[in-house]
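Structural description and commentary
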Amino acid sequence: MPPTPRKLAAGPYTGPKPHVAPPEPDSVWEDEDLARVDWDGAVLERVTFVDCRFDDAQLAELVTRRCVFERCVLTGVAMAGSAHDGTAFLSCRFDRARLFDVRWTGCKLTGSQFPGATMRPMTSVDSDWSYASLRGVDLSGVDLSGQKLREADLTDTELTGADLTRADLRHARLQTTRLRGADLRGADTDGVNWRGFDLTGVRVDVLQAVSFARAHGALVD
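The structure presented is a predicted model; accordingly, all values stated were derived computationally and were not measured. (Residues numbered from 1 in each chain as written. Predicted model: local features only at pLDDT ≥ 70, side-chain atom pairs only at ≥ 80, totals over all residues. Heavy atoms only, no water.)

Let's shift gears to the overall build of the chain. In terms of helices and strands, the chain carries one helix and nine strands. Counting only contacts in the chain whose residues sit at least 6 apart along the sequence, the fraction spanning at least 24 positions is 5%. Accessible surface computed for the chain: about 10,700 Å², of which carbon and sulfur atoms make up 48%. (Helix = DSSP H or I, 4+ residues; strand = E, 2+ residues; numbered from the N terminus. Contact = heavy atoms within 4.5 Å. Areas by Shrake-Rupley, 256 points an atom, 1.4 Å probe, with all protein chains shown as cover.)

Quick look at the structure:
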């Protein structure tokens, strides 16, 4: 089931906490305003954040291990060079976030939104981007092979030259997605609207080619 959407409105302002020390392992933080906090190079283990704000936070080269960020706002956050192992970012907002050179390993980013985020280059291994909104994001040349992108919103996403082999793209929205040079072979495209995007220069397997032809009215024996 998709995550339940919830409007992320600003709560009572308690003031930024740029000098707050990184939390200890196994701690839980709720409704905290951590705007402009500086945790560059910090290591977080098994920490849970719920409804927290990280506006313009400095999180470059941050390392997280099995942490949870639930319904958090990370507007303008600087996370370049960070690495996340088994961490969940559930229904979070990454507006204008700087996420280049980030490594996601075994992460869940379900239901999160990335408007205006800078995300390439990046490395994603065994991660789940289902129900995420990546509208208009530049992911050209990114290796997304084997990743879960079920029902992800990829409208207007730049995927030129991207590797999507064996990806789970079931019911993903690919309207006006730029896919020239992308590789879709072996991807699960069940429920994809083949009439909604241009396959010029895209590498597909035989079953995908048949689905595309039928969607455009061809009679395939």
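More follows now that the structure is in view.
Right, let's talk about the pairing of strand β9 (residues 122-125) for a bit. Because side chains alternate across β9, one face comprises the buried residues Met122 and Ser124, and the other comprises Thr123 and Val125, none of which is buried. Note: strand β8 (residues 102-105) against β9, four bridges, orientation parallel. What sits directly across from Trp104, in β9, is Ser124. (Buried < 20%, exposed > 50% of the residue type's maximum accessible area, 1.4 Å probe, protein only. Pairing = 2+ DSSP bridges.)

This part takes up the sheet that holds strand β5 (residues 68-70). Here we have four strands laid out as an open sheet, ordered β1-β3-β5-β7, and parallel in their pairing. A strand with exactly one partner marks an edge of an open sheet, and here the two such strands are β1 (28-30) and β7 (88-90). Within this sheet the neighbouring strands show an average axis-to-axis angle of 5°, counted without direction. Pairing of β1 with strand β3 (residues 48-50) involves three bridges; the strand directions are parallel. Within the sheet, the bridge partner assigned to Glu30 lies in β3 and is Val50. (Axes fitted to C-alpha atoms, helices over the stretch in contact; angles between N-to-C directions.)

Here we take up the side chain of Ser140. Topologically, Ser140 is positioned in the loop between β9 and α1 (206-215). A polar side-chain atom of Ser140 sits 2.8 Å from a polar atom in the side chain of Asp138. Discounting residues that sit within four places of it in the chain, Ser140 has contacts with Arg120, Glu158, Leu159 and Thr160. (Polar contact = N/O pair within 3.5 Å; in protein donor to acceptor, adjacent residues only side chain to side chain.)

On to the nonpolar core, then. By size, the foremost hydrophobic cluster in this structure holds 58 residues, and its most contacted members are Phe49, Phe54, Phe94, Phe114 and Met119. Apart from the residues within four sequence positions on either side, Phe114 is in contact with Phe94, Leu99, Leu109, Met119, Trp129, Ala132, Ser133, Leu134 and Val137. (Core = buried A, V, L, I, M, F, W, Y, C linked by side-chain atoms within 4.5 Å.)

Attention shifts here to unusual backbone geometry. The omega torsion of the bond from Arg120 to Pro121 falls at 0°, within 30 degrees of zero and hence cis. Along the chain, Pro121 turns up in the loop between β8 and β9. One non-glycine residue, His171, lies in positive phi territory at about 60°. By relative accessible area, His171 is classed as partly exposed at 39%.

For the structure shown, the criterion picks out 13 aromatic pairs. With 6.2 Å between their ring centres and 40° between their planes, Trp39 and Phe49 make a pair best called tilted. Of this pair, Trp39 sits in the loop between β1 and β2 (43-45) while Phe49 sits in strand β3; the two residues are ten residues apart in sequence, bridging distant segments of the chain. A residue is classified by how much of its surface remains accessible, and Trp39, at 2% relative accessible area, is buried. Measuring from centroid to centroid gives 5.3 Å for Phe49 and Phe54, while their planes differ by 80°, and the two rings are edge-to-face. What makes Phe54 buried here is its relative accessible area of 0%. An aromatic cluster is present here, built from Trp29, Trp39, Phe49, Phe54, Phe69, Phe89, Phe94, Trp104, Phe114 and Trp129 joined pairwise through their rings. (Phe/Tyr/Trp six-rings, centres within 6.5 Å; stacked < 30°, edge-to-face > 60°.)

This brings us to the pattern of salt bridges. Considering all chains together, one arrives at 14 salt bridges under this definition. Asp26 serves as the salt-bridge partner of Arg46, at 2.8 Å between the closest nitrogen and oxygen. Highlighted residues: Arg46 in the loop between β2 and β3 and Asp26 in the segment before β1, separated in sequence by 20 residues. With its nearest N and O atoms 3.0 Å apart, the salt bridge here joins Arg71 to Asp51. Taken as a pair, Arg71 in the loop between β5 and β6 (83-85) and Asp51 in the loop between β3 and β4 (63-65) lie far apart in primary sequence, 20 residues in all. In this pair, the class of Arg71 matches that of Asp51, namely buried. One connected set of salt bridges, linked through shared partners, spans Asp26, Glu45, Arg46 and Arg65. (Salt bridge = Lys/Arg side-chain N within 4 Å of Asp/Glu carboxyl O.)

Shape is all these values report; function is a separate question.
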